[in-house]
Amino acid sequence: AGQDVGRSCILVSIGGKNIMLDCGMHMGYNDDRRFPDFSYITQNGRLTDYLDCVIISHFHLDHCGALPYMSEMVGYDGPIYMTHPTKAICPILLEDFRKITVDKKGETNFFTSQMIKDCMKKVVPLNLHQTVQVDDELEIKAYYAGHVLGAAMVQIKVGSESVVYTGDYNMTPDRHLGAAWIDKCRPDILITESTYATTIRDSKRCRERDFLKKVHETIERGGKVLIPVFALGRAQELCILLETFWERMNLKAPIYFSTGLTEKANHYYKLFITWTNQKIRKTFVQRNMFEFKHIKAFDRSYADNPGPMVVFATPGMLHAGQSLQIFKKWAGNEKNMVIMPGYCVQGTVGHKILNGQKKLEMEGRATLEVKLQVEYMSFSAHADAKGIMQLIRMAEPHNILLVHGEAKKMAFLKDKIEQEFNISCYMPANGETTTVTTNPSVPVDISLNLLKREMALGGPLPDPKRPRTMHGTLIMKDNSLRLVSPEQALKELGLSEHQLRFTCRVHLQDPHSDTDTLSRIYSHLKSVLKGYAVQHLPDSTVMVESIVLKVSSSAEEPDLKVVLLSWCFQ
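Just so we're clear, the structure is a prediction, and the values are computed from it rather than from any experiment. (Residues numbered from 1 in each chain as written. Predicted model: local features only at pLDDT ≥ 70, side-chain atom pairs only at ≥ 80, totals over all residues. Heavy atoms only, no water.)

1. Here's the deal with the packing of helix 2 (residues 67-75) against helix 4 (residues 113-120)
- Between helix 2 and helix 4, the shortest axis-to-axis distance is 9 Å and the interhelical angle comes to 90 degrees. What the angle tells us is that helix 2 and helix 4 run roughly perpendicular. Across the interface between the two elements, Leu67, Pro68, Ser71, Glu72 and Met73 from helix 2 touch Met115, Ile116, Asp118 and Cys119 from helix 4.
- Broken down by class, the residue content of the contact of helix 2 with helix 4 amounts to 6 nonpolar, 1 polar and 2 charged. (Axes fitted to C-alpha atoms, helices over the stretch in contact; angles between N-to-C directions. Helix = DSSP H or I, 4+ residues; strand = E, 2+ residues; numbered from the N terminus. Parallel < 35°, antiparallel > 145°, perpendicular 65-115°, else oblique. Contact = heavy atoms within 4.5 Å. Nonpolar A, V, L, I, M, F, W, Y, C, P; charged D, E, K, R; others polar.)

Here's what the structure looks like:
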């Protein structure tokens with residue numbers, strides 16, 4: 001996801017540990033580029049030796065789609081961390097994706113059902129706000145990210161260094177999930193998604209009203225509405241919206257949901273009700289929001305039925321599956337409408353029709369004319385530019401790294417972040433490495449006596465913005481550091497004070513008499529020492545205790561040979 005949306009896979013090296021964050025696939029490719037390039041980690045052999053753990057933020061395929069390929073085909077036996085809902089839903093989506101790719105398109109070199117099962121055996125479930133010790137030094141903690149059921153942001157800590165990875169998140173609560181939240185953990189680097197780096201979305205209410213109005217108008221004129229969605233997330237959001245609208249307006253047109261996945265999906269929403277928002281949890285006892293009266297299971301034959309209808313079909317970008325089949329059938333009629341409720345990756349049919357393409361090349365060189373109305377309404381569960389800035393304010397990181405977004409939009413947001421927060425912001429492309437230097441803080445306890453003594457010496461009062469130098473003895477004991485006065489250190493360690501004597505030999509040639517030379521040297525040294533002391537040792541009292549001059553002169557060499565000087569300073 002370096003300057004790209006899709007195929008999230010980031011390798012973080014922190015304090016000698018290697019952590020893989022997400023292991024996704026790209027929806028826009030069907031060749032080798034579909035999965036991440038693991039040769040960056042090692043050219044041959046398994047990944048187990050190179051990774052301490054793998055963390056999956058949520059169940060969307062662009063974040064977990066390459067997991068069985070990585071663990072079973074490339075080879076990784078270490079722990080894979082994800083939340084409970086992700087662990088439950090991830091294998092269902094992987095199996096569904098495998099069916100479309102292998103059974104329908106007949107592709108080889110792909111993971112099998114058994115591989116998905118074996119991969120899921122390596123998963124260790126995470127609870128929110130629970131600190132998990134991966135090993136003696138590495139710990140991780142998950143925070144609620146909104147976005148989809150079970151999505152989490154992760155804080156990774158080794159010693160005093162830390163990284164926060166957001167995965168995908170949403171800073172505004174919606175009809176079925178709450179907003180993302182993190183405490184002021186001040187990580188060294190925050191790795192954040194930037195899908196909507198340049199967008200500031202209008203109010204949710206306006207968008208919902210707009211959506212209902214368009215659906216209603218199409219139904220009134222006898223048209224059909226196709227809403228391509230991914231089975232989990234936006235689907236439930238829009239189902240709740242239409243369900244309440246149908247009830248209020250007493251509408252009779254049928255609403256269908258492409259079957260299979262979604263029944264399971266709703267089952268999991270009921271199961272993990274604690275991950276949803278306040279309102280749903282409150283009303284859960286009287287009525288389950290996910291048991292829909294007006295929404296029925298869809299059958300293929302219904303697509304040809306006359307009259308109006310609304311169909312939710314998977315997948316969300318119209319790149320395959322049932323949503324694409326229905327789209328082909330309905331595209332030729334201008335009464336119909338397709339509403340794209342989320343982001344579409346380049347290369348997908350969804351992306352093409354949103355960019356106004358009226359003729360599409362389908363398989364077998366057939367062209368499809370697009371006459372139906374195409375609407376884009378962002379019911380996306382990603383944070384917009386305002387949301388990203390809000391999260392940065394919450395966590396107060398020292399550096400930022402942008403992923404999961406388009407290069408141009410990223411560059412715009414990068415400038416904005418650097419201006420507003422005055423911190424470095426990085427946006428590496430795929431295969432690029434960013435190195436961030438950290439300044440680990442070392443906590444030191446300081447003795448009260450030393451502080452009092454420092455205050456007694458005078459000088460400026462302590463100012464939090466201006467560090468001040470202090471002299472003391474640093475004691476390291478049982479992993480703790482203390483700064484105390486020298487006297488206290490001697491007492492604690494049972495040592496006696498020593499005095500150092502500095503001596504120095506100088507060779508002089510002087511025509512004067514011995515005594516004359518001696519007194520001249522003596523007074524000169526005395527003034528030099530005092531000057532030095534005042535200049536360089538303002539906090540110490542320097543006493544020129546004795547200047548011992550030893551003179552050796554002989555008839556052959558009538559010069560002063562040795563000058564011995566000693567002084568002492570406290």
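2. Brief notes about the environment of Thr199
- Along the chain, Thr199 turns up in the loop between strand 10 (189-193) and helix 5 (204-220).
- Here Thr199 falls in the partly exposed class, since its relative accessible area comes to 25%. (Buried < 20%, exposed > 50% of the residue type's maximum accessible area, 1.4 Å probe, protein only.)

3. Regarding the packing of aromatic side chains
- In this structure the tally under the stated criterion is 14 aromatic pairs.
- For the pair Phe257 and Phe312, a centre-to-centre distance of 5.4 Å together with 15 degrees between the ring planes defines the contact as stacked. Highlighted residues: Phe257 in strand 12 (residues 255-258) and Phe312 in strand 14 (residues 309-313), separated in sequence by 55 residues. For the residue pair Phe257 and Phe312, the accessibility class agrees, reading buried in each case.
- Here the aromatic rings of Phe298 and Tyr302 are separated by 5.9 Å at their centres, their planes lie at 90 degrees, and the arrangement is edge-to-face. (Phe/Tyr/Trp six-rings, centres within 6.5 Å; stacked < 30°, edge-to-face > 60°.)

4. Points about the environment of Leu474
- Within the secondary structure layout, Leu474 lies in strand 22 (residues 473-477).
- Take Leu474: its relative accessible area is 46%, and that puts it in the partly exposed class.
- Considering only alpha carbons, one finds Leu474 and Asp445, 29 residues apart in sequence, at a separation of 9.6 Å.
- The residues touching Leu474, leaving out its near neighbours within four places in the chain, are Val444, Leu481, Arg482 and Leu483.

5. Examining the pattern of salt bridges
- Overall, the coordinates contain 22 salt bridges when judged by the stated rule.
- Of the charged contacts, one joins Arg46 and Asp77 as a salt bridge, the two residues approaching to 2.9 Å between their closest N and O atoms. Here Arg46, found in the loop between strand 2 (17-21) and strand 3 (53-55), pairs with Asp77, found in the loop between helix 2 and strand 4 (80-83); they are 31 residues apart in sequence, far enough to count as distant.
- Arg393 is the salt-bridge partner of Glu420, the closest N and O atoms lying 2.7 Å from each other. Taken together, the positions of Glu420 in helix 12 (residues 407-421) and Arg393 in helix 11 (residues 385-395) put the pair 27 residues apart, joining distant regions of the chain.
- Among the ionic contacts, a cluster of salt bridges with common partners joins Arg46, Glu72, Asp77 and Lys122. (Salt bridge = Lys/Arg side-chain N within 4 Å of Asp/Glu carboxyl O.)

6. Topic: the environment of Ala395
- If you trace the backbone, Ala395 turns up in helix 11.
- Residue classification places Ala395 among the buried positions, given a relative accessible area of 0%.
- A C-alpha to C-alpha distance of 36 Å links Ala395 and Asp118, two positions 277 residues apart in sequence.
- Among residues more than four places away in sequence, those in contact with Ala395 are Ile182, Asp183, Lys184, Cys185, Arg186 and Pro187.

7. Looking at the packing of helix 5 against helix 6 (residues 234-249)
- Contact geometry for helix 5 and helix 6: axes closest at 11 Å, N-to-C directions at 60 degrees. Classified by the angle their axes make, helix 5 and helix 6 are oblique. Crossing of helix 5 against helix 6: the hand is right-handed. On helix 6, the residues touching Lys204, Glu208, Phe211, Leu212, Val215, His216 and Ile219 of helix 5 are Glu237, Leu238, Leu241, Leu242, Phe245, Trp246 and Met249.
- When the residues that make up the contact of helix 5 with helix 6 are grouped by side-chain class, the tally is 10 nonpolar, 1 polar and 3 charged. (Left-handed = near helix turned anticlockwise from the far one by under 90°.)

8. Comments concerning a nonpolar patch on the surface
- A contiguous nonpolar patch, built from Val442, Val444, Leu474 and Met476 and spanning about 400 Å² of accessible area, is present on the exposed surface.
- Tracing the sequence through the fold places Val444 in the loop between strand 20 (424-426) and strand 21 (445-446).
- A relative accessible area of 37% places Val444 in the partly exposed class. (Patch = residues over 30% accessible without salt bridge, like charges linked within 9 Å, V, L, I, M, F, W, Y side chains within 5 Å. Areas by Shrake-Rupley, 256 points an atom, 1.4 Å probe, with all protein chains shown as cover.)

9. Brief notes about the sheet that holds strand 20
- What the 7 strands build is an open sheet, ordered 6-7-8-9-10-19-20; its pairing is mixed. For this open sheet the edge positions go to strand 6 (131-133) and strand 20, each flanked by a neighbour on one side alone. Across the sheet, the mean angle separating the axes of adjacent strands is 20 degrees when strand polarity is ignored.
- Sheet topology note: the strand 6/strand 7 (residues 138-144) ladder contains 3 bridges and is antiparallel. Its bridge partner lying in strand 7, Gln133 is registered against Glu139.
- Across the sheet, helix 11 lies against strand 8 (152-158), strand 10 and strand 19 (399-403), angled at about 160 degrees from strand 10, the strand it touches most.
- Contacting strand 19 and strand 20, helix 12 runs over the sheet at an angle of about 165 degrees to strand 19. (Pairing = 2+ DSSP bridges.)

10. Some remarks on the sheet that holds strand 12
- Taken in spatial order, the 6 strands of this open sheet run 13-12-14-11-15-18, and their pairing is parallel. With partners counted over all chains shown, the strands left at the sheet margins are strand 13 (295-298) and strand 18 (373-376), one partner each. Looking at each pair of strands side by side, their axes are set apart by 25 degrees on average, direction ignored.
- Here strand 15 (residues 337-340) pairs with strand 18 via 4 bridges, running parallel. Note on strand 18: the bridge partner recorded for Met337 is Gln373.
- Most of the contacts of helix 6 go to strand 14, to which it runs at about 165 degrees, and overall it touches strand 11 (224-228), strand 12, strand 13 and strand 14.

11. Considerations on the state of the cysteines
- Using the criterion set out here, one finds 0 disulfides in the structure.
- Cys64 provides the cysteine sulfur closest to Cys90, a residue in no disulfide bond, and the two sulfurs are 3.3 Å apart.
- For the unlinked cysteine Cys425, the closest cysteine sulfur is that of Cys185, found at 17 Å.
- Residue Cys425 is classed as buried on the basis of its relative accessible area of 3%. (Disulfide = S-S within 2.5 Å.)

Take it as geometry only, folks, not as evidence of what the structure does.
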